[in-house]
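Geometric and topological summary
The primary structure of each chain is shown beneath.
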Amino acid sequence: MADQQARPGEDKRPSEIPVIRWEEPPEGPVLILLDQTRLPSEEVELVCTDASALVEAIRSLAVRGAPVLGIAGAYGVALAAARGFDVDEAAEALESARPTAVNLSVGVHRALAAYRDALTATGDPTAAATAALAAAQALHREDAEASARMAVHGLALLDELMPGGGHRVLTHCNTGALVSGGEGTAFAVALAAHRVGRLRRLWVDETRPLLQGARLTAWEAARSGMAYTLLTDSAAGSLFAAGEVDAVLIGADRIAADGSVANKVGSYPLAVLARYHHVPFIVVAPVTTIDPDTPDGASIEVEQRPGFEVTEILTPQASAVGGGGGVPLAPLGTQAYNPAFDVTPPELVTAIVTEEGTVSPVTPEALAALCTRARATPAA
């Protein structure tokens with residue numbers, strides 16, 4: 001089998017361009033993003049000087065992944081405030097840029113609340129902008145800390161479910177450092193297993209139609225020295241049937257109050273396969289991804305993406321331009337069904353791993369108790 005090999009425990013820990021960072025050059029503050037549409041062929045940064053540029057970066061998936069969208073949303077509010085734009089208008093545009101990922105809304109609201117509170121208290125827009133930036137930076141730090149704690153809890157769960165190590169883990173989409181202030185969510189758990197020599201194989205779904213697994217997860221796995229193998233999404237069933245999967249690890253973009261999980265489209269079929277083959281299906285996400293105001297899976301708004309993402313193969317150069325321009329896969333005029341996410345019901349989820357601990361079985365009561373505990377825990 002031709003795949004990426006690694007020595008157990010090998011960890012290259014490469015130095016790399018930060019996925020998101022705030023800078024203040026003489027011409028004014030900017031938010032700088034690693035353009036994920038250009039990976040893995042090239043590492044290119046986008047410079048956002050206002051919220052509208054950030055909105056476009058979010059919609060085009062130059063920056064993507066639930067936790068980092070929350071961080072980006074908070075920085076976007078701070079950017080609008082620092083540059084003297086209409087902060088409420090910027091917040092509204094940012095929040096609506098992608099509807100499914102609840103972290104984006106959480107981040108926007110957190111920075112906006114800090115801005116408004118400071119403006120009310122001082123009447124000084126500059127002080128209010130400083131408060132918004134401080135809120136964004138705090139969220140950034142907290143997400144990094146949450147990532148590390150999720151990795152600990154997730155590895156403990158893997159070891160509990162599969163004593164002795166040698167874990168063969170299947171993952172979908174991309175959940176590593178590219179989506180986080182730290183090392184990610186589900187990918188961070190696999191990385192923790194790798195570092196202690198207990199990851200035998202990371203199976204990476206390519207994740208059609210935009211290939212976040214092939215382009216991004218494989219890139220992160222290779223740079224971390226992990227043993228990984230890429231597969232087409234439709235090959236996952238044969239992998240389960242062959243007994244080659246010990247656990248499924250995915251992230252989440254929104255978790256409803258009943259435990260329904262919205263994640264990258266293709267996650268729900270993996271949950272069905274996992275249940276049939278008696279394989280644990282584990283969701284790893286920060287507490288901010290749990291949305292108590294969304295009662296169930298049917299209430300989650302699922303983003304519908306443009307059809308050209310399905311009918312064309314987009315090169316990094318075409319993706320950067322936007323609006324198609326890729327290599328046609330289907331006849332001109334073909335209509336495409338292209339939901340960005342699907343929803344997995346709680347009865348198919350073995351466990352939800354957060355920085356505050358693990359919920360299993362997944363019930364509304366257990367999730368509510370975890371959220372209450374998280375609110376009672378002071379931020380670091």
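Described below are features of the structure shown in this document.

Turning our eyes to something else, we now look at the overall build of the protein. Each helix and strand in the protein was counted, giving 12 helices and 16 strands. Computed over its C-alpha atoms, the radius of gyration of the protein comes to 20 Å, within 12% of the 21 Å expected for a compact globule of 380 residues. Each principal axis of the C-alpha distribution contributes one length, and for the protein these read about 65 × 55 × 40 Å. Classification of the 380 residues of the protein by burial places 55% in the buried group. Summarising the internal contacts of the protein: among those between residues at least 6 apart in sequence, 75% fall at separations of at least 24. When the accessible surface of the protein is totalled, it reaches about 15500 Å², and 55% of it is carbon and sulfur. Averaging the coordinates of the 27 positive side-chain charges in the protein and doing the same for the 46 negative ones gives two points 6 Å apart.

Two modes of strand pairing occur in sheets, parallel and antiparallel, and in both the strands are linked by backbone hydrogen bonds. On the basis of which strands lie adjacent, the open sheet formed by 4 strands has the order S11-S8-S9-S14 and mixed pairing. Whereas interior strands pair on both sides, the edge strands pair on one side only; in this sheet they are strand S11 (290-291) and strand S14 (341-344). Both strand S8 (residues 254-256) and strand S9 (residues 261-264) contribute to a ladder of 2 bridges, which runs antiparallel. Within S9, the residue paired with Ile255 across the bridge is Val261. Across the sheet, helix H9 (residues 267-276) is in contact with S9 and S14; its angle to S14 comes to roughly 35°.

Looking now at the packing of helix H2 (residues 66-82) against helix H4 (residues 102-122). Look at H2 against H4: their axes get within 7 Å of each other, and the N-to-C directions meet at 30°. Considered as vectors, H2 and H4 are oriented roughly parallel to each other. For the crossing formed where H2 meets H4, the hand is right-handed. Residues Ala66, Pro67, Leu69, Gly70, Gly73, Ala74, Val77 and Ala81 of H2 touch H4, and the partners they reach there are Asn103, Leu104, Gly107, Val108, Ala111, Leu112 and Tyr115. When its residues are assigned to classes, the contact of H2 with H4 shows 11 nonpolar, 4 polar and no charged.

The next thing to look at is the pairing of strand S15 (residues 351-354). Residues of S15 alternate between two faces, with Ala351 and Val353 on one and Ile352 and Thr354 on the opposite face, all of them buried. Bridge count between strand S10 (residues 281-284) and S15: 3 bridges; the pairing is parallel. Note that in S15 the partner of Val284 across the bridge is Val353. Relative to strand S16 (residues 357-359), S15 is paired through 3 bridges, and the arrangement is antiparallel.

Our next topic: the packing of aromatic side chains. One pass over the structure, following the stated rule, counts 1 aromatic pair. Judged by centre distance (5.9 Å) and plane angle (25°), the rings of Trp22 and Tyr75 are stacked. One end of the pair, Trp22, is in strand S1 (residues 20-23); the other, Tyr75, is in helix H2, and 53 residues separate them in sequence. Taking relative accessible area as the criterion, Tyr75 reaches 4% and is therefore assigned buried. Across the ring face of Phe341, the terminal group of Lys264 is positioned such that the distance to the ring centre comes to 4.8 Å.

Below, the discussion takes up the side chain of Asp258. Within the secondary structure layout, Asp258 lies in the loop between S8 and S9. In this structure Asp258 is buried but unpaired, with Arg254 as the nearest side chain of opposite charge at 11 Å. Each residue touching Asp258, except ones within four places of it in the same chain, is listed here: Pro295, Asp296, Gly297, Pro346, Pro364 and Leu367.

What follows deals with a nonpolar patch on the surface. Taken together, Ile313, Val327 and Leu329 make up a surface patch of nonpolar side chains, about 240 Å² in accessible area. In this structure, Ile313 sits in strand S12 (residues 312-313). On the basis of relative accessibility, which here comes to 32%, the residue Ile313 falls in the partly exposed class.

Taking 1.5 Å as the rise per residue, helix H12 (residues 364-376) with 13 residues should run 18 Å; its terminal C-alpha atoms sit 18 Å apart, in good agreement. Turning to H12, its buried residues are Leu367, Leu370, Cys371 and Ala374. The buried residues of H12 occupy one face: seen down the axis, they fall within an arc of 100°. Exposed residues pointing more than 90 degrees away from the buried face of H12 are listed as Glu365 and Ala376. Those residues of H12 that are buried lie in contact with S8, S11, S15 and S16.

Definitions and cut-offs
Residues numbered from 1 in each chain as written. Predicted model: local features only at pLDDT ≥ 70, side-chain atom pairs only at ≥ 80, totals over all residues. Heavy atoms only, no water. Helix = DSSP H or I, 4+ residues; strand = E, 2+ residues; numbered from the N terminus. Rg over C-alpha atoms; globule rule 2.2 N^0.38 Å. Buried < 20%, exposed > 50% of the residue type's maximum accessible area, 1.4 Å probe, protein only. Contact = heavy atoms within 4.5 Å. Areas by Shrake-Rupley, 256 points an atom, 1.4 Å probe, with all protein chains shown as cover. Lys, Arg positive; Asp, Glu negative; His and termini not counted. Charge placed at Lys NZ, Arg CZ, Asp CG, Glu CD. Pairing = 2+ DSSP bridges. Axes fitted to C-alpha atoms, helices over the stretch in contact; angles between N-to-C directions. Parallel < 35°, antiparallel > 145°, perpendicular 65-115°, else oblique. Left-handed = near helix turned anticlockwise from the far one by under 90°. Nonpolar A, V, L, I, M, F, W, Y, C, P; charged D, E, K, R; others polar. Phe/Tyr/Trp six-rings, centres within 6.5 Å; stacked < 30°, edge-to-face > 60°. Lys NZ or Arg CZ within 6 Å of the ring centre and 35° of its normal. Salt bridge = Lys/Arg side-chain N within 4 Å of Asp/Glu carboxyl O. Patch = residues over 30% accessible without salt bridge, like charges linked within 9 Å, V, L, I, M, F, W, Y side chains within 5 Å. Expected span 1.5 Å × (residues − 1). Arc of directions from axis to C-beta.

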